[in-house]
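# Working through the structure, step by step
Here are the chains, one letter per residue:
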Amino acid sequence: MLPTPATSQQAKSPSNSIRSSNSASNSSSVLVASSDHTGLSGDGDHTVPRCLHLEQLLVNDTESEIIKKFKAVISWKITRAYEKTSQLKRRKLQMPTCGICSLTLHRPFVCLQCSFSGCWKDGHVIQHLEEKEHGFCVDSASGAIFCIACDDFIHHGKMNAIYTKIIIVAEENHTHFQVGKKPREHYKPWIPDQEALSLLEYADPVSCQGRRGLLNLGQTCYLNVVLQAFIHNPLLRNYFLSDSHNHKLCKIKDCVCCEMDKLFAEIYSANTAPYGPISLLASTWRVSSELSGYAQQDAHEFFISALNQIHTTSRGSTNVSCNCIIHSTFSGQLQSDVKCGRCDNITSTVDPLLDISIELKGKGIDGSQNSLAACLRRYTHPEKLGSNEYSCSKCGTDSHEATKRLSIRKLPPVLCFQLKRFEHNTTDKSAARKIDTPIRFPAVINMLEFTTVAAGMGELGGSGDGPKDLGPQTMYDYDLFAVINHEGQLNNGHYTNFARYCDEWYRFDDDKVYPSTLQNCLNSMAYMCFYVKRHLDYKPYQRPSYALKRETEAVREREREKELEKEKEAARMREVEDALLATV
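Let us look at the environment of Val125. Along the polypeptide, Val125 turns up in helix H5 (residues 124-132). Assessed through its relative accessible area of 0%, Val125 is described here as buried. For the pair formed by Val125 and Cys98, sequence separation is 27 residues and the distance between their alpha carbons is 8.3 Å.

Working definition: the strands of a sheet are paired by backbone hydrogen bonds and lie parallel or antiparallel to each other. One open sheet holds the 4 strands; their spatial order is E9-E8-E12-E11, and the pairing between them is antiparallel. Taken across any chain shown, the strands that pair with only one partner, and hence form the sheet edges, are strand E9 (346-353) and strand E11 (383-385). Direction aside, neighbouring strands of the sheet carry axes that sit 30° apart on average. As defined by bridge partners, strand E8 (residues 332-340) adjoins E9 across 8 bridges and the pair is classed as antiparallel. The residue bridging Leu334 from the neighbouring strand is Asp351, located in E9.

Here we come to the side chain of Thr496. Positionally, Thr496 belongs in strand E18 (residues 494-501). Judged by its relative accessible area of 0%, Thr496 falls in the buried class. Within the structure, Thr496 has its side chain in polar contact with the side chain of Glu487 (distance 3.3 Å). Every residue in contact with Thr496, bar those within four places of it in the chain, is listed here: Val225, Val483, Ile484, Asn485, Glu487, Arg507, Phe508 and Asp509.

Our focus in this paragraph is the nonpolar core. Counting residues in hydrophobic clusters, the biggest one holds 53 residues, and the most contacted among them are Phe230, Met260, Leu263, Phe303, Tyr495 and Phe530. Here the element with the most residues in this core is helix H8 (residues 221-231); it accounts for 9 residues. When neighbours within four sequence positions are excluded, Phe230 is seen to be in contact with Leu236, Met260, Phe264, Phe303, Ala306, Leu307, Ile310 and Phe330. Core analysis: the second largest hydrophobic core is formed by 35 residues, Leu334, Ile408, Ile435 and Met475 among them.

On to helix H9 (residues 234-241). For H9, the full list of buried residues reads Pro234, Leu235, Leu236, Tyr239 and Phe240. Among the residues of H9, the N-terminal cap falls to Asn233, whose side-chain oxygen and the backbone nitrogen of Leu235 are separated by 3.0 Å. Downstream of H9 by one or two residues, Asp243 has phi in the positive range, about 65°.

Aromatic ring pairs are defined here through the distance separating the ring centres and the angle between the ring planes. Overall, the coordinates contain 16 aromatic pairs when judged by the stated rule. Ring geometry for Tyr222 and Phe302: centres 5.8 Å apart, planes at 80°, overall edge-to-face. Of this pair, Tyr222 sits in helix H8 while Phe302 sits in helix H12 (residues 299-313); the two residues are 80 residues apart in sequence, bridging distant segments of the chain. Classification of Phe302 by relative accessible area gives buried; the value is 2%. Measuring from ring centre to ring centre gives 6.0 Å for Phe230 and Phe303, while their planes differ by 40°; the resulting arrangement is tilted.

Further remarks concern the pattern of salt bridges. Under the definition given, this model contains 12 salt bridges. Among the salt bridges present, the one from Glu359 reaches Lys420, with a minimum N-O distance of 3.3 Å. Pair noted here: Glu359 is in the loop between strand E10 (356-358) and helix H14 (372-380) and Lys420 is in the loop between strand E13 (414-419) and strand E14 (422-423), with a separation of 61 residues, a long-range link. Given the relative accessible area of 48%, Glu359 is considered partly exposed. Exposure remark for Lys420: the relative accessible area of 30% places this residue in the partly exposed category. A salt bridge links Glu569 to Arg572; the shortest N-O distance between them is 2.7 Å. Taken together, the positions of Glu569 and Arg572, both in helix H17 (residues 545-583) and 3 residues apart, correspond to about one turn of that helix. A single salt-bridge network, built from bridges that share partners, covers Asp477, Asp479 and Arg534.

At a minimum axis distance of 9 Å, the contact between helix H10 (residues 256-267) and helix H11 (residues 278-287) shows a crossing angle of 160°. Between H10 and H11, the interaxial angle falls into the category roughly antiparallel. Note on packing geometry: the crossing formed by H10 with H11 is left-handed. Of H11, the residues touching H10 (which contributes Glu259, Met260 and Leu263) are Ser279, Leu280 and Ser283. Of the residues belonging to the contact of H10 with H11, the class tally is 3 nonpolar, 2 polar and 1 charged.

Another point: the sheet that holds strand E3 (residues 109-111). Read across the open sheet, the 5 strands follow the order E4-E3-E5-E6-E7; overall the sheet is antiparallel. A single partner strand is all that each edge strand has here, and the edge strands are strand E4 (117-118) and strand E7 (152-154).

Attention shifts here to the environment of Ala170. Mapped onto the elements of the fold, Ala170 is located in helix H6 (residues 157-174). Looking at Ala170, the relative accessible area reads 7%, which means it is buried. Taking the C-alpha atoms as reference points, Ala170 and Ile78, separated by 92 residues in sequence, lie 6.9 Å from one another.

Here the protein shows a mean pLDDT of 78. Residues at 70 or above account for 78%. Ignoring residues within four places in sequence, the model shows residues 1-48, a span with pLDDT below 50, making 118 contacts including any to other chains. Here residues 87-91 scores under 50 on pLDDT; set against residues more than four positions off or in separate chains, the count is 4 contacts.

With respect to the helices, strands and loops of the structure, Ser140 is situated in the loop between strand E5 (136-139) and strand E6 (145-147). What makes Ser140 buried here is its relative accessible area of 1%. At 3.0 Å, the side chain of Ser140 forms a polar contact with the backbone oxygen of Pro108. The residues contacting Ser140, other than those within four sequence positions of it, are Val73, Ile74, Trp76, Lys77, Arg107 and Pro108.

Rules of the game
- Residues numbered from 1 in each chain as written.
- Predicted model: local features only at pLDDT ≥ 70, side-chain atom pairs only at ≥ 80, totals over all residues.
- Heavy atoms only, no water.
- Helix = DSSP H or I, 4+ residues; strand = E, 2+ residues; numbered from the N terminus.
- Buried < 20%, exposed > 50% of the residue type's maximum accessible area, 1.4 Å probe, protein only.
- Pairing = 2+ DSSP bridges.
- Axes fitted to C-alpha atoms, helices over the stretch in contact; angles between N-to-C directions.
- Polar contact = N/O pair within 3.5 Å; in protein donor to acceptor, adjacent residues only side chain to side chain.
- Contact = heavy atoms within 4.5 Å.
- Core = buried A, V, L, I, M, F, W, Y, C linked by side-chain atoms within 4.5 Å.
- Phe/Tyr/Trp six-rings, centres within 6.5 Å; stacked < 30°, edge-to-face > 60°.
- Salt bridge = Lys/Arg side-chain N within 4 Å of Asp/Glu carboxyl O.
- Parallel < 35°, antiparallel > 145°, perpendicular 65-115°, else oblique.
- Left-handed = near helix turned anticlockwise from the far one by under 90°.
- Nonpolar A, V, L, I, M, F, W, Y, C, P; charged D, E, K, R; others polar.
- pLDDT = per-residue confidence, 0-100.

Encoded structure:
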């Protein structure tokens, strides 16, 4: 990865990293420019510095060559990313090279005022800008623009909008649906109509800072870290803040959804004092007796228990094909394929998936070299079954070996990984220990190679090339948004967590909230990692469910009003008849 544009000193250092601003929950990142030559730029609710050097250049030339070059660079990068999925096109692609050291560049920095491309690591692109007196270069991968006068990466709303538009158009042109021949539905930004504007005109603005500590109610740090992961989950946040579950109207006893609704209302309020989730803890104790009391508990166990409780009390909860908020957010499918070693018969089984628990160590693997990707490769790697572990339904014998392989058949919108740091001895429980192996995990992970379609599970043990058209690589990208850490030992540890809010990272330690960085998060001793899909799946050419729900509720409301009018009219007629009878 490339350097993070946080300060001028960091911009000069080639050892830092740039984060892509394209995510499901945060559509833009704030890149701060030098304070010597900046103005203020309004971008939504954020007011950030902008580079006056670029601003002046764009004002003087409306048909700026810089914009044309910027569009060409981003278009080339995104088109090349999609063409990489084709083996034939991949052979024909030529990689750009640095204009000074001739190094092959997989992520080139391109000068916006000439055709030069160079490497950032050795500072050759900055050397070019200084020698040729050119002002700007762009990172082809993220669209981040570097200003040589500001000596920093800069933020510009117009250029960010151009970058987003190019990305969306490229994705629309290269994405094909698995069923049907219709092209991808074009993206349409939400523009408030007259009715929405009239409602917003009289609405009172509410502070939504979303960074609030949670009080420790007696060794409840395990609960606090999971709740913080829920709070910063963009899908759960949108669900509860849109009043999809109103605790004032719900009549379910010990409803955990009601407690979550209260929690989100408290966190996204103007109050910044630490909040104590007392009623949520009490409801959890009443529903899950194994978690009751003030003893230390496992955060993953509470996570699974909380998912079950929210699912049970959610609207639309069913035992089959459930579309509640939990299954809509966390539910995926795990496929297990077993290949008979004698007749090559393949038996496939599909199981539901809410999270993935990963072993930290594999045979012959150095623990110091562990990474999340390596753990996932071991998780999905074929393994030999013993002669008595599998009985083939085709050849009817169980005295031969078989091969088993796991793959993810359906990816969920939110992926949760549990790293198994606690080892328990089945014979001696007192021999349980914690595994302190450092695990490297990325800010962005691509899950394509771990899916059933990419592994070619129809031919277990074959090349694993799978279908020719796997779709764009970016459709399998996941962005990190929360990490749960465990500090200390098995019986006297403490849970903390990192979470992302508005593209900024914070560390939560019960009631204390500290500003942090992505690098600190990636260097932490992770126990659970939460990733959200960068591009959410949708059903094309269909009205969204919330619009249909709103229309249905409006029809029901009109019907109720008509019934009330009829009742009022009937009551008035009865009063008239009673008055006439009294007169007679």
